[in-house]
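For reference, the chains in residue letters:
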Amino acid sequence: MWMLHAVVYTYDQGVTVLSLLRTWRLTTQKLSVQISGLRCLNETSTMFGRESMSEVQSTGQSASVSVGTAARTSLSIRRLAGRIGAQVEGVELSPTLDQSTFEAIEKALYTHKVLFFRGQGHLDDASQEGFARRFGETVAHPTVPSHAGSADLLDLDSVHGARANSWHTDITFVDAYPKLSILRAITIPPVGGDTVWANTAAAYERLPEPLRAFADHARAIHTNAYDYASSHAEADDTQLKRYREVFISKVYETEHPVVSVHPVTGERTLVLGHFVQRFQGLSAQDSASLLQVLHEHITRLENTVRWQWAEGDVAIWDNRATQHYAINDFGDSRRVVRRATVKGDVPVGIDGKRSVALKTPA
Ligand SMILES: O=C(O)CCC(=O)C(=O)O
Ligand SMILES: [Fe+2]
């Protein structure tokens, strides 16, 4: 057996160039190309050592990762933008996905923050939830009833007023909000309805020092009864009104540190989004102004990736390091997506202080 490591750069025209060769591992049965010469983004990573992280963090445009030892999956992980997002090919998601492929996906998720998979039309509600359970315990939405016949899936159907067109991190109005969300495209309009994600760790890293100093010490109150009308021009729409009534049928309130330490990667991330009502100790007016300034930093186009959906697509995002926005530009066409969420932990600020649930209805 001898070894060769390779880094594969894929250029726009589809030309693949082997730019660095170190070791090949050759057995009589298999040729395994391993990725090296790769950079670990995060020095303070708590889950990944440099070696393991390097399997998914490519400095080029594309990385191929051979996983498993038996009949193998050959994953291709291609970055889609400079700071966030990658498309994964060569895998059929399922509850019984082999462990090494699953782990490669999990690592890629924490590196790229949001992963996209085309052609997962074989998944149904049960197998979407089964796959989600590989990451941990799935949780239902605190106020919106789960999709009929599913354990915890949230059905987002435009016909029922579900249009998530304002920037948010999922369910931050509770203390231990979901660590990740898995969204499956059921019905996609002929045009429009893309979703955009922003990297809140990259945003924190690039905050100007005075803003970072504020964020580092600030705490924010999040609630599901946030000021909906301020971010939705169509807030008087009957369906939207009905959806909102259900959404706030029980009111939650939680105080989170504005900067939390990601429990897996160790990165500092901004915990904000549309559920924020105000900053602790500041007036509503000052809070709104400061929130706007911070949000502009988070949602700068440089921090984002945009996905144009096809039916059968799946997106998985690290809900502790991202915000997202579903673009409401598809008029009366129907759009249905279904979401599984996986239980998270109570966030911890950089001073070690945890989030505090202020209102938890029975
Ligand atoms: O409709 C979408 O694309 C995203 C909806 C959303 O905010 C979510 O699934 O958490
Ligand atoms: Fe969401």
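Report follows, based on the coordinates.

1. So, the sheet that holds strand 13 (residues 195-199)
Here is step 1 of the chain: In space, the three strands of this open sheet follow the order 19-13-21, with antiparallel pairing throughout. The open sheet has two edge strands with one neighbour each: strand 19 (304-307) and strand 21 (322-326). Neighbour-to-neighbour, the strand axes of the sheet open up by a mean angle of 20°, direction not taken into account.
Here is step 2 of the chain: Direction of pairing for strand 13 relative to strand 21: antiparallel, over a ladder of five bridges. Within strand 21, the residue paired with Thr195 across the bridge is Ala326.

2. Some thoughts on the site of ligand 1
Here is step 1 of the chain: Every residue near ligand 1 is listed here: Leu156, Ala164, His168, Asp170, Leu183, Thr195, Trp317, His324, Ala326, Arg335, Val337 and Arg339.
Here is step 2 of the chain: Interatomic distance of 3.0 Å between a side-chain N/O atom of His168 and an oxygen atom of ligand 1.
Here is step 3 of the chain: At 2.9 Å from an oxygen atom of ligand 1 is found a side-chain nitrogen or oxygen belonging to Asp170.
Here is step 4 of the chain: When contributions to the shell around ligand 1 are tallied by element, the ones reaching two or more residues are strand 21 and strand 22 (336-342).
Here is step 5 of the chain: A breakdown of the residues in the shell around ligand 1 according to their chemical character gives six nonpolar, three polar and three charged.

3. Considering the pattern of salt bridges
Here is step 1 of the chain: One pass over the full model with this rule turns up 13 salt bridges.
Here is step 2 of the chain: Among the salt bridges present, the one from Asp125 reaches Arg338, with a minimum N-O distance of 3.0 Å. On the criterion of sequence distance, the pair formed by Asp125 in helix 3 (residues 125-133) and Arg338 in strand 22 is long-range, its members being 213 residues apart. Arg338 shares its class with Asp125; the two are buried.
Here is step 3 of the chain: The closest approach of N and O atoms between Lys359 and Glu253, which form a salt bridge, is 3.4 Å. Taken together, the positions of Lys359 in strand 23 (residues 356-359) and Glu253 in strand 15 (residues 253-257) put the pair 106 residues apart, joining distant regions of the chain.
Here is step 4 of the chain: Using a relative accessible area of 41% as the deciding quantity, one classes Lys359 as partly exposed.
Here is step 5 of the chain: On the basis of relative accessible area, Glu253 is assigned to the buried category, the value being 15%.
Here is step 6 of the chain: Put simply, Asp125, Asp155, Arg184 and Arg338 are held in one network by salt bridges that share partners.

What counts, and at which threshold
Residues numbered from 1 in each chain as written. Chains lettered and ligands numbered in written order. Predicted model: local features only at pLDDT ≥ 70, side-chain atom pairs only at ≥ 80, totals over all residues. Heavy atoms only, no water. Pairing = 2+ DSSP bridges. Helix = DSSP H or I, 4+ residues; strand = E, 2+ residues; numbered from the N terminus. Axes fitted to C-alpha atoms, helices over the stretch in contact; angles between N-to-C directions. Near = heavy atom within 4 Å. Polar contact = N/O pair within 3.5 Å; in protein donor to acceptor, adjacent residues only side chain to side chain. Nonpolar A, V, L, I, M, F, W, Y, C, P; charged D, E, K, R; others polar. Salt bridge = Lys/Arg side-chain N within 4 Å of Asp/Glu carboxyl O. Buried < 20%, exposed > 50% of the residue type's maximum accessible area, 1.4 Å probe, protein only.

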